[in-house]
Amino acid sequence: MRTLRSRAVAAVAVAALAFSPALAACGQAAEEVAEQAAEQAIGGDVEVNDQGVTMTDEEGNEVAIGEDVAVPDNWPAEVPLYEGGTLQMVSVQADGAATAMWLAEGTPADAAAAYGAALEDAGFTADSEANMGGMIVNSYTGNGFTVSMQVLEADGQTSLMVVAEPAA
């Protein structure tokens, strides 16, 4: 059921992002209609603005997708945020799991080193480090979480994906 709801939330987010420029051209009334339709589809709250889309369902799961989106208040305090990039997507689940993606400054190696240092400064320990054809995949544990990061360069941009799962 959670997977189905997650897919529905993702579909609504993609649709809302796709139509955001058109909605902006049509004005506030069209934006409100789109928000109401999305809220009915996911059973929660949907906010559409110039930066993107933020959705919160009835279970407390939150997703924000867009340009320079804000980190939700329920981001796990034990997991540091990446400094030095622009947040493009963030999701925090009611169970404490969190995912975020930043467009990072510098090379993938620079971004991985900076975020790895932030994790270690926060009390995390590196479990594994790999470079698979230019994609850096590192895993850390600490503070009751397992955190993995994937960093790569595509089309001249470095992206950093962070997935934090509460430890079992």
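Before any of the text, the structure's been laid out above.
Every value quoted in this text rests on a predicted model; they were computed, and no experiment measured them. (Residues numbered from 1 in each chain as written. Predicted model: local features only at pLDDT ≥ 70, side-chain atom pairs only at ≥ 80, totals over all residues. Heavy atoms only, no water.)

One finds Val-79, Tyr-115, Val-147, Met-149 and Leu-160 to be the most contacted residues of the largest nonpolar core, which totals 26 residues. Among the secondary structure elements, those contributing two or more residues to this core are β4 (85-92), β5 (98-104), α3 (108-121), β7 (135-142), β8 (145-154) and β9 (157-166). Sequence-distant contacts of Tyr-115, that is, excluding residues within four places in its chain, are made with Val-79, Pro-80, Leu-81, Tyr-82, Val-147, Met-149, Leu-160 and Val-162. One finds Val-46, Val-48, Val-53 and Val-63 within the second-largest nonpolar core, a separate group that totals five residues. (Core = buried A, V, L, I, M, F, W, Y, C linked by side-chain atoms within 4.5 Å. Buried < 20%, exposed > 50% of the residue type's maximum accessible area, 1.4 Å probe, protein only. Helix = DSSP H or I, 4+ residues; strand = E, 2+ residues; numbered from the N terminus. Contact = heavy atoms within 4.5 Å.)

Another point: the pairing of strand β2 (residues 52-57). Relative to strand β3 (residues 62-66), β2 runs antiparallel, the two sharing five bridges. What sits directly across from Met-55, in β3, is Val-63. With antiparallel pairing between neighbouring strands as the criterion, β2 and β3 make up a hairpin whose turn holds four residues, including Gly-60 at a positive phi of roughly 95°. (Pairing = 2+ DSSP bridges.)

With that settled, the discussion passes to the side chain of Ser-159. Among the structural elements, Ser-159 can be located in strand β9. For Ser-159, a relative accessible area of 17% corresponds to the buried category. In contact with Ser-159, not counting residues within four places along its chain, are Met-101, Trp-102, Leu-103, Gln-150, Val-151 and Leu-152.

With that settled, the discussion passes to the environment of Pro-80. Note on placement: Pro-80 falls in the loop between β3 and β4. C-alpha separation for the pair Pro-80 and Leu-119, spaced 39 residues apart in sequence, amounts to 6.4 Å. Setting aside its immediate chain neighbours within four residues, Pro-80 contacts Trp-75, Tyr-115, Ala-118, Leu-119, Ala-122 and Phe-124.

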